[in-house]
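These are the residues of each chain, in order.
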Amino acid sequence: YHAKQTRERVAIFQPAMLAKVQQRFILEQDLKKGLEHHQFHLVYQPIFDSHSEQLSHAEALLRWEHPTLGTISPAEFIPIAEETGYINELGQWVLEQVAEVLENWHLRLSPGQSPSITVNVSAKQCQSPTFADDIAALIAAHRFDPHCLGLEMTETALLEHSDNVQRNLKRIHALGISLYLDDFGTGYSSLSLLRQYPFNVIKMDRSFIIGIDQPHGKAAPLCRGMIAMAHAVGLTVVAEGVETKQQLCWLREHQCDYLQGYVLSRPIERQAIETWISPNLNSCIRLVRN
Ligand code: C2E
Ligand code: MG
Ligand code: MG
Ligand code: MG
């Protein structure tokens, strides 16, 4: 009887498990060849100033075009890259791509006109003893205003190796780079992290924005509280995952500084983001030609 039960369990359980393990094994193997074969690229999601409605900055988001499996979500491959240690190479590649775009905009736009770009960085990167040096080297190697680069990190990235993290973030902040606390409110220690590290911006997690327009829910008072608290300590606030007009209006009414979400724009290709700033880019090109 016992044997039968085991066999049955195996028969039900195995195919799905096996498929999952196989898929993961394939991704793990293929990930390491991805950079070499130019399978990665960045898309940029515009983020808008909620008062002026102008483009404020953009978040760079990584995309992996797998040769047979198609587009794989970063939610799926970033954790694998973190576990295998490949994230260091991949993360450095992302930073270099963004530095090149910022340098290009710096050369084409007049001073102060280039939008900022934020880059998501993983725990492994923040905790690396050389992370601040890598960032300093990146700035030294490219011509752009360091204020145009932002780094987004989640709470989990900051929980371990706090000595390294502390040293890195202090130095990176001193270089003029803005620090964003991503997915704010979803971890355990948001407030102590704000006290401990020199953040400039919090990104209210999408899970809070979802319920914001429901009359009796807790999301709205929580968002109000987060905005008030952030402003009280001199931080600015981005709302992420804004999907409806109602959410948008609520956030503008309640002094949320910046807005990001599908209702405004999905992540788009570099050429497309350049059309947002193209009047400025074009006038500069003209100036250069004259
Ligand atoms: P994140 O940093 O919180 O980025 C925001 C995610 O929300 C993005 O998903 C974006 O496409 C999505 N999003 C934006 N607006 C909306 C909306 O209105 N509704 C909904 N449902 N989603 C919205 P994406 O691009 O799939 O990235 C997922 C996560 O993967 C990111 O979350 C970030 O943690 C990670 N990631 C992406 N690119 C990189 C990277 O270059 N390096 C690292 N380390 N992580 C990255
Ligand atoms: Mg982010
Ligand atoms: Mg986020
Ligand atoms: Mg998120």
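Because the structure is predicted, anything quoted here is derived from the model rather than measured.

*Asks:* Would you take a moment to explain the overall build of the protein chain for this structure?
*Replies:* What the protein chain contains, in helices and strands, is 12 helices and 9 strands. Taking all 290 residues of the protein chain together, the buried fraction comes to 44%. Contacts spanning at least 24 positions in sequence make up 68% of the contacts within the protein chain whose residues lie at least 6 apart. Surface summary for the protein chain: the accessible area is close to 15,500 Å², and the carbon and sulfur share equals 54%. Positive and negative charge centroids in the protein chain, built from 25 and 32 side chains respectively, lie 3 Å apart.

*Asks:* Help me out: how do you make sense of the confidence of the model for the protein chain in this one?
*Replies:* Close inspection of predicted coordinates is inappropriate in any region flagged by low pLDDT. Averaged over the protein chain, the pLDDT score is 90; the fraction of residues at 70 or greater is 91%. Below pLDDT 50 for its whole length, residues 284–290 participates in 4 contacts with residues either more than four positions away or in separate chains. Here the predicted complex carries an ipTM of 0.98, next to a pTM of 0.92.

*Asks:* Help me understand the site of ligand 1, please; the structure alone is not making it clear to me.
*Replies:* Ligand 1 sits among 20 residues. The nearest are Asn120, Ser122, Asp182, Glu243 and Tyr262. Between ligand 1 and the protein, one listed contact pairs an oxygen atom with a side-chain N or O atom of Asp182 at 2.9 Å. Burial of ligand 1 by the protein chains amounts to 83% of its free accessible area of 800 Å². A molecule is said to occupy a pocket when more than half its atoms come within 2 Å of that pocket's grid points, and by this definition ligand 1 occupies the largest pocket. Looking at the shell around ligand 1, the elements with two or more residues in it are strand 2 (55–66), helix 2 (74–84) and strand 6 (178–184). Tallying contributions element by element places strand 2 first for the shell around ligand 1, with 4 residues. Grouping the amino acids of the shell around ligand 1 by side-chain chemistry returns 8 nonpolar, 5 polar and 7 charged.

*Asks:* Got a minute to help me understand the coordination of the magnesium ion (ligand 3) in this structure?
*Replies:* Put simply, a metal with four donors set out as a tetrahedron has ideal angles of 109.5 degrees, and one with six donors set out as an octahedron has ideal angles of 90 or 180 degrees. Protein coordination at the magnesium ion (ligand 3): the donors are Asp182 (OD), Asp183 (OD), Glu240 (OE) and Glu240 (OE), at 2.1 to 2.8 Å from the metal. Sequence spacing among the residues donating to the magnesium ion (ligand 3) works out to D-D-x56-E. A gap of 3.8 Å separates the magnesium ion (ligand 3) and the magnesium ion (ligand 2), which Asp182 links by coordinating each metal. Residue Asp182 is found in strand 6, and its partner Glu240 is found in the loop between strand 8 (236–239) and helix 10 (245–253); the two are separated by 58 residues along the sequence. The residues Asp182 and Glu240 share a single accessibility class, namely buried.

*Asks:* Would you mind going over the state of the cysteines with me for this structure?
*Replies:* Cysteine pairs can be linked by a disulfide, which is a covalent bond between their two sulfur atoms. As enumerated under the stated definition, the model contains 0 disulfides in all. Sulfur of Cys223: no disulfide; nearest cysteine sulfur belongs to Cys256 and is 8.0 Å away. Residue classification places Cys223 among the buried residues on the basis of a relative accessible area of 0%.

*Asks:* What am I meant to see in the packing of helix 5 (residues 131–141) against helix 6 (residues 162–174) here?
*Replies:* The angle between the axes and the distance between the axes are what describe a pair of packed helices. Contact geometry of helix 5 with helix 6 gives a least axis separation of 8 Å together with a crossing angle of 20 degrees. In terms of axis orientation, helix 5 runs roughly parallel to helix 6. Side by side, helix 5 and helix 6 meet where Phe131, Ala132, Asp133, Ile135 and Ala136 of the first sit next to Asn168, Arg171 and Ile172 of the second. Grouping the amino acids of the contact of helix 5 with helix 6 by side-chain chemistry returns 5 nonpolar, 1 polar and 2 charged.

*Asks:* Would you explain the pattern of salt bridges in this entry?
*Replies:* Any two side chains of opposite charge can pair, so long as their charged atoms come close to each other. With the rule as written, the count across this model stands at 10 salt bridges. The partner of Glu59 in a salt bridge is Lys203, and the shortest N-O contact between them spans 3.0 Å. Here Lys203 lies in strand 7 (residues 201–204) and Glu59 lies in strand 2, a separation of 144 residues in the sequence. What makes Glu59 buried here is its relative accessible area of 5%. With a closest N to O distance of 2.8 Å, Lys203 and Glu152 form a salt bridge. With Lys203 in strand 7 and Glu152 in strand 5 (residues 149–154), this residue pair connects regions lying 51 residues apart in the sequence. It is possible to trace a salt-bridge network through shared partners that takes in Arg24, Glu28 and Glu83.

*Asks:* Help me out: how do you make sense of unusual backbone geometry in this one?
*Replies:* Backbone phi values are negative for most residues with the exception of glycine, while trans is the configuration of most peptide bonds. With a phi close to 65 degrees, Glu53 is a non-glycine residue in the positive phi region. By the secondary structure assignment, Glu53 is in the loop between strand 1 (40–49) and strand 2. The backbone of Gln255 shows a phi angle near 65 degrees, a positive value even though the residue is not glycine. With respect to the element layout, Gln255 can be found in the loop between helix 10 and strand 9 (258–259).

What counts, and at which threshold
Residues numbered from 1 in each chain as written. Chains lettered and ligands numbered in written order. Predicted model: local features only at pLDDT ≥ 70, side-chain atom pairs only at ≥ 80, totals over all residues. Heavy atoms only, no water. Helix = DSSP H or I, 4+ residues; strand = E, 2+ residues; numbered from the N terminus. Buried < 20%, exposed > 50% of the residue type's maximum accessible area, 1.4 Å probe, protein only. Contact = heavy atoms within 4.5 Å. Areas by Shrake-Rupley, 256 points an atom, 1.4 Å probe, with all protein chains shown as cover. Lys, Arg positive; Asp, Glu negative; His and termini not counted. Charge placed at Lys NZ, Arg CZ, Asp CG, Glu CD. pLDDT = per-residue confidence, 0-100. Near = heavy atom within 4 Å. Polar contact = N/O pair within 3.5 Å; in protein donor to acceptor, adjacent residues only side chain to side chain. 1 Å grid on protein atoms, 1.4 Å probe; cavity = no way out; pocket = protein on both sides within 12 Å on 5 of 7 lines; lining within 4 Å. Sits in = over half its atoms within 2 Å of the grid points. Nonpolar A, V, L, I, M, F, W, Y, C, P; charged D, E, K, R; others polar. Donors = N, O, S within 2.8 Å, 3.2 Å for Na, K, Ca; no water. Disulfide = S-S within 2.5 Å. Axes fitted to C-alpha atoms, helices over the stretch in contact; angles between N-to-C directions. Parallel < 35°, antiparallel > 145°, perpendicular 65-115°, else oblique. Salt bridge = Lys/Arg side-chain N within 4 Å of Asp/Glu carboxyl O.

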